[in-house]
Amino acid sequence: MIQWGGSQNGVLEKFDNALGSYCLHMKLNTVLQSIHVPQRAIEAALDVPGLGLTYASKLLRFLDPERYGALDGRIRKALGRLSPAPLPNIYDGNPPSMVGGYCKFVEYIEGLASGLRARGISLPHEREVQRQWRAADIEMALFQWASSQAEHNAV
């Protein structure tokens with residue numbers, strides 16, 4: 001997962017350096033036991049050494065894409081430009097801020113999914129099969145939107 005995310009800011013090195021100072025199995029088991037409660041799940045994921053908000057949320061996304069999406073800096077920045085901003089300011093390294101901000105993000109993408117369902121908008125798909133939007137699908141759409149915003153603002 002860290003490799004998929006590009007190991008930005010030395011995440012893989014931090015993770016490798018801390019390996020052996022804790023039981024990874026126990027840390028991941030705590031995440032799995034907490035997976036149904038967003039606040040507990042993100043708290044447990046943030047407790048894995050080397051993981052900040054982006055990678056902790058990526059872990060939740062991989063474990064339960066129906067419920068969770070990854071919250072990275074690009075999405076945070078793009079959403080922060082909206083008025084009103086759907087998320088509070090999130091301060092990296094401040095666990096209550098990261099947990100609260102991520103929980104708001106989960107609520108936000110749940111709200112977007114509800115709106116899509118209410119309008120009968122299914123996930124675009126190449127086949128005839130219609131599928132409902134998962135949190136991970138909405139997060140990827142937000143990521144694409146945020147990327148286009150970043151490109152537009154760079155010009």
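Residues numbered from 1 in each chain as written. Predicted model: local features only at pLDDT ≥ 70, side-chain atom pairs only at ≥ 80, totals over all residues. Heavy atoms only, no water.

Quick look at helix H4 (residues 53–63)
Logical step 1: For H4, the tally of buried residues reaches nine of 11 residues, placing the bulk of the element in the interior.
Logical step 2: Within H4 the residues assigned to the buried category are Leu53, Thr54, Tyr55, Ala56, Ser57, Lys58, Leu59, Leu60 and Arg61. (Buried < 20%, exposed > 50% of the residue type's maximum accessible area, 1.4 Å probe, protein only. Helix = DSSP H or I, 4+ residues; strand = E, 2+ residues; numbered from the N terminus.)

Describing the packing of helix H2 (residues 24–34) against H4
Logical step 1: At a minimum axis separation of 11 Å, H2 and H4 run at an interaxial angle of 65°. Note on packing geometry: the crossing formed by H2 with H4 is right-handed. Packed against H2, whose contacting residues are Leu28, Val31 and Leu32, the element H4 presents Leu59, Leu60 and Leu63 at the interface. (Axes fitted to C-alpha atoms, helices over the stretch in contact; angles between N-to-C directions. Left-handed = near helix turned anticlockwise from the far one by under 90°. Contact = heavy atoms within 4.5 Å.)

What about helix H6 (residues 95–118)?
Logical step 1: When the terminal C-alpha atoms of H6 are compared, their 34 Å separation across 24 residues agrees well with the 34 Å that a helix rising 1.5 Å per residue should span.
Logical step 2: Residues of H6 that are buried include every one of Ser97, Met98, Val99, Gly101, Tyr102, Cys103, Phe105, Val106, Ile109, Ala113 and Gly115, and no others.
Logical step 3: Immediately beyond the C-terminal end of H6, within one or two residues, lies glycine 120, with a positive phi of roughly 70°. (Expected span 1.5 Å × (residues − 1).)

So, the packing of aromatic side chains
Logical step 1: Counted according to the given criterion, the structure contains two aromatic pairs.
Logical step 2: Ring geometry for tyrosine 102 against phenylalanine 105: centres 6.0 Å apart, planes inclined by 45°, an arrangement best described as tilted. In this pair, tyrosine 102 and phenylalanine 105 both sit in helix H6, three residues apart, roughly one turn of the helix.
Logical step 3: Accessibility expressed as a relative area gives 0% for tyrosine 102, which makes it buried.
Logical step 4: Counting every residue linked through ring pairs, the aromatic cluster contains Tyr68, Tyr102 and Phe105. (Phe/Tyr/Trp six-rings, centres within 6.5 Å; stacked < 30°, edge-to-face > 60°.)

Here we look at the pattern of salt bridges
When their charged atoms lie close together, side chains carrying opposite charge are able to pair.
Logical step 1: For the structure on display, the rule yields six salt bridges.
Logical step 2: As a salt-bridge pair, lysine 27 and aspartate 47 come within 2.7 Å of each other at their nearest N and O atoms. Residue lysine 27 is found in helix H2, and its partner aspartate 47 is found in the loop between helix H3 (38–46) and H4; the two are separated by 20 residues along the sequence. (Salt bridge = Lys/Arg side-chain N within 4 Å of Asp/Glu carboxyl O.)

Looking at the side chain of serine 97
Logical step 1: With respect to the element layout, serine 97 can be found in helix H6.
Logical step 2: Discounting chain neighbours no more than four positions away, the residues touching serine 97 are Asn89, Ile90 and Tyr91.

Focus on the side chain of serine 34
Logical step 1: Within the element layout of this structure, serine 34 appears in helix H2.
Logical step 2: Each residue touching serine 34, except ones within four places of it in the same chain, is listed here: Arg40, Ala41 and Ala44.

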